[in-house]
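# Descriptive structure summary
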Amino acid sequence: MCRFLTGKARAQQTDRKRMWKLLDNVVYKADDGRLYLAPRNMYTDFYTIPGFVAPIAGSPVDYDTRCCVIHDQICYSHAALMINLTEKELRDRGYLRFSEKNNMWICEDIPAEFLYTEKKSKLAANNLLYECMEACDVPLWDRIKIRLGTIFNIGWRIDLWTH
């Protein structure tokens, strides 16, 4: 079953227009059981479709921004950042834990030895966005509109981690 293992995304606004910096790691467990990571300090615009399409397609930001963050991470690098541990192993090693202070599940920084990258096509990134939105109960019609809106992303993002 696909779902986010971490709480809602928290971010800090930057000096760049419509650009945010993640304060926490975001972990998504896909339908196939594999774990995707959007790392803390990653820059994101929380937006997966061009602004001119938004009035028609709607905004994914109206829902759970974690979907956008996972998608942005892949669009930035043309690869997914994957965790080479199971959900149980993350918990057992203390990387995934419940924070009483923040009242949500958080993921501590995971050592590089447990991370790897996996090349992804634009189609794969957009399909994963759709799966993430489904996991977050985004209404079907909105998922379809947003997914179709990603077609208008002319190029892959290249500047999400730069200032």
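Since this is a predicted model, take the numbers as computed values, not measurements.

Strands sit in the order E1-E4-E5-E7-E10 across an open sheet of 5 strands; the sheet is antiparallel. Whereas interior strands pair on both sides, the edge strands pair on one side only; in this sheet they are strand E1 (3–4) and strand E10 (115–119). Each of E1, strand E4 (26–29), strand E5 (35–38) and strand E7 (79–83) touches helix H2 (residues 65–77); the most contacted strand, E5, lies at about 85° to it.

A few words on the sheet that holds strand E3 (residues 20–22). Strands pair in a sheet through their backbones, by hydrogen bonds, and they do so in one of two ways: parallel or antiparallel. The antiparallel open sheet is built from 3 strands, whose spatial order is E2-E3-E6. In this open sheet, the two strands that pair with only one neighbour each are strand E2 (11–13) and strand E6 (43–44). Pairing geometry for E2 and E3, over 3 bridges, is antiparallel. Paired with Gln13 across the two strands is Trp20, which belongs to E3.

So, on to the state of the cysteines. Counted by the stated rule, this structure contains 0 disulfides. Here Cys68 stays unpaired: no disulfide links it, and the sulfur of Cys67, its closest cysteine neighbor, is 6.4 Å away. Unpaired in terms of disulfides, Cys136 finds its nearest cysteine sulfur in Cys67, a separation of 3.8 Å.

As a further point, take the pattern of salt bridges. Per the counting criterion, the structure on display carries 13 salt bridges. The residue Glu108 makes a salt bridge to Arg97 at a minimum N-O spacing of 2.6 Å. Note that Glu108 is positioned in the loop between strand E9 (104–107) and E10 and Arg97 in strand E8 (residues 96–99), a separation of 11 residues in sequence. Here Lys120 makes a salt bridge to Glu118, at a shortest N to O gap of 2.8 Å. One continuous salt-bridge network, built from bridges that share partners, spans Arg3, Lys29, Glu87 and Arg91.

Before going further, it helps to spend a moment on the packing of aromatic side chains. Scanning the entire structure with this criterion turns up 4 aromatic pairs. With centroids separated by 4.8 Å and ring planes inclined at 55°, the aromatic side chains of Phe4 and Tyr28 adopt a geometry described as tilted. A residue pair is termed long-range when its members are at least 10 positions apart, and Phe4 in strand E1 and Tyr28 in strand E4 qualify at 24 residues. A relative accessible area of 10% places Phe4 in the buried class. What makes Tyr28 buried here is its relative accessible area of 0%. Arranged with centres 6.3 Å apart and planes meeting at 55°, the rings of Tyr95 and Phe114 form a pair that is tilted. Taken together, the residues span a long stretch of sequence, with Tyr95 in the loop between helix H3 (87–92) and E8 and Phe114 in the loop between E9 and E10 at a distance of 19 residues. Both residues of the pair, Tyr95 and Phe114, count as buried. Taken together, Phe4, Tyr28 and Tyr36 form an aromatic cluster joined through their ring pairs. Over the face of the ring belonging to Trp105 we find Arg91, whose NZ or CZ atom lies 4.4 Å from the ring centre.

Conventions used here
- Residues numbered from 1 in each chain as written.
- Predicted model: local features only at pLDDT ≥ 70, side-chain atom pairs only at ≥ 80, totals over all residues.
- Heavy atoms only, no water.
- Pairing = 2+ DSSP bridges.
- Helix = DSSP H or I, 4+ residues; strand = E, 2+ residues; numbered from the N terminus.
- Contact = heavy atoms within 4.5 Å.
- Axes fitted to C-alpha atoms, helices over the stretch in contact; angles between N-to-C directions.
- Disulfide = S-S within 2.5 Å.
- Salt bridge = Lys/Arg side-chain N within 4 Å of Asp/Glu carboxyl O.
- Phe/Tyr/Trp six-rings, centres within 6.5 Å; stacked < 30°, edge-to-face > 60°.
- Buried < 20%, exposed > 50% of the residue type's maximum accessible area, 1.4 Å probe, protein only.
- Lys NZ or Arg CZ within 6 Å of the ring centre and 35° of its normal.

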